[in-house]
Amino acid sequence: LDMDRDKDKEKKQEEKSYAIRPHFRKKFRPLQVTEIIQKALNEKLSKQKYHVDKATKWTKELTETIKANLKDLDWDRYKYVVQVVIGEQRGEGIKMGTRCFWDSETDDFAKATFTNDSLFAVGVAFGVYLY
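Presented here is a report on the structure given in the accompanying data block.

## Concerning the pairing of strand β3 (residues 119-129)
- Buried residues dominate β3, accounting for ten of its eleven residues.
- Where strand β1 (residues 78-88) and β3 come together, eleven bridges link them in antiparallel fashion. When the bridges of β3 are listed, Gly87 appears paired with Phe120.
- By the bridge criterion, eight bridges tie strand β2 (residues 108-115) to β3 in an arrangement that is antiparallel. Bridge pairing in β3 links Thr115 to Phe120.
- The antiparallel hairpin formed by β2 and β3 contains three residues in its connecting segment.

As structure tokens, this is what we get:
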């Protein structure tokens, strides 16, 4: 019985993690995330024409797809924030901006864009390491 308690105690100590930096192999990799975003945008939007009602649905679906693919990367202790914007292609310019307060050694972001004759889309994913 005492040996079981000791094993349980050791296991709980192993589970506790007070790491303040991710392991090098588990760090957010913008290039890899950009590929994930680009693939999702291309697969979902390549044959679509802009429609205001459908764009809302596509945005939600793309956001969920990208977030699920990021979670599959198994980067421990990262929280993901994904934003997708879809708009009608009318020859006008658009600028997007973001402000973040984060640790530049652990946190990062990636972005990708998609355009066709009818619409444009921008996908951004932020990876924030939880201490």
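Next comes the rest of the write-up.
## A few points about the nonpolar core
- By size, the foremost hydrophobic cluster in this structure holds 25 residues, and its most contacted members are Val33, Ile37, Leu41, Leu45, Leu70 and Ile86.
- When contributions to this core are tallied by element, the ones reaching two or more residues are α2 (30-45), α3 (52-72), β1, β2 and β3.
- Setting aside chain neighbours within four positions, we find Leu45 in contact with Trp58, Leu62, Ile86, Phe114, Asn116, Leu119 and Ala121.

## Structural notes on the pattern of salt bridges
- Applying the stated criterion across every chain yields a total of seven salt bridges.
- With a shortest N-O distance of 3.4 Å, Glu105 and Arg21 are connected by a salt bridge. Of this pair, Glu105 sits in the loop between β1 and β2 while Arg21 sits in the loop between α1 (2-15) and α2, and the two are 84 residues apart along the sequence.
- Looking at Arg21, the relative accessible area reads 36%, which means it is partly exposed.
- Each of Arg21, Asp103 and Glu105 takes part in salt bridges that share partners, so that together they form one network.

Scoring rules and cut-offs
- Residues numbered from 1 in each chain as written.
- Predicted model: local features only at pLDDT ≥ 70, side-chain atom pairs only at ≥ 80, totals over all residues.
- Heavy atoms only, no water.
- Buried < 20%, exposed > 50% of the residue type's maximum accessible area, 1.4 Å probe, protein only.
- Helix = DSSP H or I, 4+ residues; strand = E, 2+ residues; numbered from the N terminus.
- Pairing = 2+ DSSP bridges.
- Core = buried A, V, L, I, M, F, W, Y, C linked by side-chain atoms within 4.5 Å.
- Contact = heavy atoms within 4.5 Å.
- Salt bridge = Lys/Arg side-chain N within 4 Å of Asp/Glu carboxyl O.

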